[in-house]
Amino acid sequence: MHELGVTFTVIKRVEEVAKENNVKHVSKVTLSLGEVSTVIKEQLIDCWNWAVKNKSEVLYGATLDVEQIPAITYCEDCKGEYSTVKYGKTCPYCNSKNTWLKQGNEFIIKDITVDE
Ligand SMILES: [Zn+2]
């Protein structure tokens, strides 16, 4: 399952940051996830909840917060911006296909919350 691999990647990265900063326990991790990213939020949270109970001491019981970034496509021809999920690759203003994804494919560790 793709989400499990992603979960381990995030845990590894957070553990590295915790070690660099002498942090003993992380209580919450916030991710920014693009709307059209290949990661499914619900599955990611399921994997996370399992992994933090079984695979990590630093992250034991830590909460995962996922902030979704809306997908926006930019049109080169009319310089318009529109919702990728709603209209796909065709610009709803001028019908051009000369468009590209401006945002929405992100997968970023945005914030790490540690115990006081
Ligand atoms: Zn357009």
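Here, the structure is the one placed above.
These remarks concern the structure in this document.

Cut-offs applied
- Residues numbered from 1 in each chain as written.
- Predicted model: local features only at pLDDT ≥ 70, side-chain atom pairs only at ≥ 80, totals over all residues.
- Heavy atoms only, no water.
- Donors = N, O, S within 2.8 Å, 3.2 Å for Na, K, Ca; no water.
- Tetrahedral: all angles 85-135°; square planar, octahedral: opposite > 155°, others 65-115°.
- Buried < 20%, exposed > 50% of the residue type's maximum accessible area, 1.4 Å probe, protein only.
- Salt bridge = Lys/Arg side-chain N within 4 Å of Asp/Glu carboxyl O.
- Helix = DSSP H or I, 4+ residues; strand = E, 2+ residues; numbered from the N terminus.
- Axes fitted to C-alpha atoms, helices over the stretch in contact; angles between N-to-C directions.
- Parallel < 35°, antiparallel > 145°, perpendicular 65-115°, else oblique.
- Left-handed = near helix turned anticlockwise from the far one by under 90°.
- Contact = heavy atoms within 4.5 Å.
- Nonpolar A, V, L, I, M, F, W, Y, C, P; charged D, E, K, R; others polar.

### As for the coordination of the zinc ion
Bound to the zinc ion are the protein donor atoms C75 (SG), C78 (SG), C91 (SG) and C94 (SG), situated 2.3 Å from the metal. Around the zinc ion sit 4 donor atoms, and with donor-metal-donor angles ranging over 107 to 113° the site reads as tetrahedral. All donors of the zinc ion belong to a single chain; written as a sequence motif, their spacing is C-x2-C-x12-C-x2-C. With a relative accessible area of 0%, C91 lands in the buried category. On the basis of relative accessible area, C94 is assigned to the partly exposed category, the value being 34%.

### Let's talk about the pattern of salt bridges
Between side chains of opposite charge, a pair can form as their charged atoms come close. According to the stated counting rule, one finds 5 salt bridges in the structure shown. Between D65 and K28 there is a salt bridge, and its shortest N-O distance comes to 3.5 Å. A residue pair is termed long-range when its members are at least 10 positions apart, and D65 in strand β2 (residues 63–69) and K28 in strand β1 (residues 26–34) qualify at 37 residues. The partly exposed category is assigned to K28, whose relative accessible area is 29%. Note that K102 is salt-bridged to E81, the shortest N-O span being 2.7 Å. Note that K102 is positioned in strand β5 (residues 99–103) and E81 in strand β4 (residues 81–83), a separation of 21 residues in sequence. The class for K102 is partly exposed, based on a relative accessible area of 46%.

### Some remarks on the packing of helix α1 (residues 2–20) against helix α2 (residues 41–54)
In contact at an axis separation of 9 Å, α1 and α2 are set at 55° when each is read in the N-to-C sense. Taken together, the axes of α1 and α2 lie oblique to each other. The interaxial crossing formed by α1 with α2 has right-handed handedness. Touching E3, L4, V6, T7, F8, V10 and I11 of α1 are Q43, L44, C47, W48, W50, A51 and V52, all from α2. By residue class, the composition of the contact of α1 with α2 is 11 nonpolar, 2 polar and 1 charged.

### Regarding the environment of Y82
Turning to its location among the elements, Y82 is positioned in strand β4. Judged by its relative accessible area of 4%, Y82 is buried. When the C-alpha positions of Y82 and Y93 are compared, they lie 8.8 Å apart, and in sequence the two are 11 residues distant.

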